[in-house]
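Read off the chains here:
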Amino acid sequence: MPRRVDPCVATLVDKPPKGPEWAFEVKWDGYRLAVHVEPGGVRAITRGGYDWTKKFGLIVAEARELGHETMIIDGEAVVLDDQGRSDFGLLQRAVGRRPSLHDAGEIIFYAFDLLYLDGQDLRMHPLSERRRLLEPIAAGRTGAIRFSEEVHADGAEFFKIACEMGLEGIIAKRRDAPYRSGRRPEWLKIKCVRRDTFVIVGYEASTVPGAIGRLLLAARKGDDLVYVGGCGTGWSNQESVALRELLNAIPADRPAVALKRKGAVFVRPMLVADIEYRAWTQERKLRHPSFKGVREMEAPSEVFDLDIHLP
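Before going into details, it helps to say that this report is about the structure given with it.

Definitions and limits used
Residues numbered from 1 in each chain as written. Predicted model: local features only at pLDDT ≥ 70, side-chain atom pairs only at ≥ 80, totals over all residues. Heavy atoms only, no water. Helix = DSSP H or I, 4+ residues; strand = E, 2+ residues; numbered from the N terminus. Contact = heavy atoms within 4.5 Å. Areas by Shrake-Rupley, 256 points an atom, 1.4 Å probe, with all protein chains shown as cover. Lys, Arg positive; Asp, Glu negative; His and termini not counted. Charge placed at Lys NZ, Arg CZ, Asp CG, Glu CD. 1 Å grid on protein atoms, 1.4 Å probe; cavity = no way out; pocket = protein on both sides within 12 Å on 5 of 7 lines; lining within 4 Å. Points joined across faces, edges and corners; volume = space filled by probe spheres on them. Nonpolar A, V, L, I, M, F, W, Y, C, P; charged D, E, K, R; others polar. Expected span 1.5 Å × (residues − 1). Buried < 20%, exposed > 50% of the residue type's maximum accessible area, 1.4 Å probe, protein only. Arc of directions from axis to C-beta. Phe/Tyr/Trp six-rings, centres within 6.5 Å; stacked < 30°, edge-to-face > 60°. Lys NZ or Arg CZ within 6 Å of the ring centre and 35° of its normal.

A few points about the overall build of the protein
Point 1. Looking only at helices and strands, the protein features six helices and 18 strands.
Point 2. With the C-alpha coordinates aligned to their principal axes, the bounding extent of the protein is approximately 70 × 45 × 40 Å.
Point 3. Residue pairs in contact within the protein that sit at least 24 positions apart in sequence constitute 67% of those at least 6 positions apart.
Point 4. Summing over all exposed atoms, the protein offers an accessible surface of approximately 15900 Å²; the carbon and sulfur share of this is 50%.
Point 5. Averaging the locations of the 47 positively and 45 negatively charged side chains of the protein gives two centres separated by 5 Å.

And the structure:
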């Protein structure tokens, strides 16, 4: 039995593939784990090879009860939000040391592949066969270990629905492919991308002279502006310098949002930025924002409204 297996990692693509040879699943937003069930115990190994057995006690305990002496199950550890969506921020707090409303008991391991079973290495078997063996082990369970179900739908339609539901994206896998470690074209990930408009309320300087390090962004909430995080990517150095000059021309006497940040330069809320991003954190901050453009604000109604979109 392998002591460790480097995981198969999905390749990012723009749209779902077509054809009956592809199987689709939800893209879970959590920690990739390999659960090793061995005669001497159970181990939970991260994508980077770290032993996090102690952090996932309920998953480890339940793995002992799955009815097999040896197994390696590939999957994702997640915490679900109130809408049943995996939330990486909730997971980080559940396994961390900070006080949190979510504890380690809420972590769920979604099993999606089986690499080893009862003395047999399954990695050269096709995905369809590995999933056939995994399903009776994990399907139907409602505890810490659950089965990541295949979604029987057209990839494009599934992706559209997943994004409308606020999921991070979907995964496509070749049914006939063996399990190979590393980033592989047999596994594809298609991420939902959102694009909205936010007010620029300030910036932080870059280490590059004359450039911007991060834009400080705000959304509407009622008649007020609320800080929703910073954006530090999406522009060239030339664009960054020009943007800083533009913002320096509209300095603010005081911040337009309740924010204290050392070294920040605050500006009047006259300009809006088009921002592409992946999702929202539990604290209502933008995840993975990228700058796509700037323009003068024509009306407050064009700015993202937290009360409408994140009530």
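Additional details are given in the paragraphs that follow.
So, empty space enclosed by the protein
Unfilled space is identified by rolling a water-sized probe across the atoms.
Point 1. Counted according to the given criterion, the structure contains one cavity of 30 Å³ or more.
Point 2. Here the largest cavity defines a volume of roughly 80 Å³.
Point 3. What lines the largest cavity is a set of 14 residues, among which V5, P7, A34, I45 and T46 lie closest to the centre.
Point 4. Mapped by element, the contributors of at least two residues to the lining of the largest cavity are strand 3 (31-38) and strand 4 (41-46).
Point 5. Top element by residues in the lining of the largest cavity is strand 3. It accounts for four residues.
Point 6. Of the residues that constitute the lining of the largest cavity, the class distribution is seven nonpolar, two polar and five charged.

Remarks on helix 3 (residues 127-138)
Point 1. Across its 12 residues, helix 3 extends 16 Å between first and last C-alpha, which sits within 8% of the 16 Å expected from 1.5 Å per residue.
Point 2. Residues L127, R130, R131, L134, I137 and A138 constitute the buried set of helix 3. Projection of helix 3 onto a plane perpendicular to its axis shows the buried side chains occupying an angular sector of 115°, all on one side. Opposite the packed face of helix 3, turned more than 90 degrees from it, sit the exposed residues R132 and P136.
Point 3. Each element contacted by the buried residues of helix 3 is listed here: strand 2 (22-26), strand 5 (71-78), strand 6 (108-117), strand 8 (145-147), strand 9 (169-174) and strand 10 (182-191).
Point 4. Looking one or two places after helix 3, you find G140, whose phi comes out positive at around 85°.

Examining the packing of aromatic side chains
Ring pairs (aromatic) are described by centroid distance and by the angle formed between their planes.
Point 1. Per the counting criterion, the structure on display carries 11 aromatic pairs.
Point 2. Each ring, one from Y277 and one from W280, has its centre 5.7 Å from the other, and the planes form 75°; the classification is edge-to-face. The same class applies to Y277 as to W280, namely buried.
Point 3. Among the aromatic residues, those joined into a cluster by ring pairs are F198, Y277, W280 and F304.
Point 4. Over the ring of W52 we find K55, and its NZ or CZ is 5.1 Å from the ring centre.
Point 5. Sitting over the face of the ring of W22, R174 holds its NZ or CZ atom 5.8 Å from the ring centroid.

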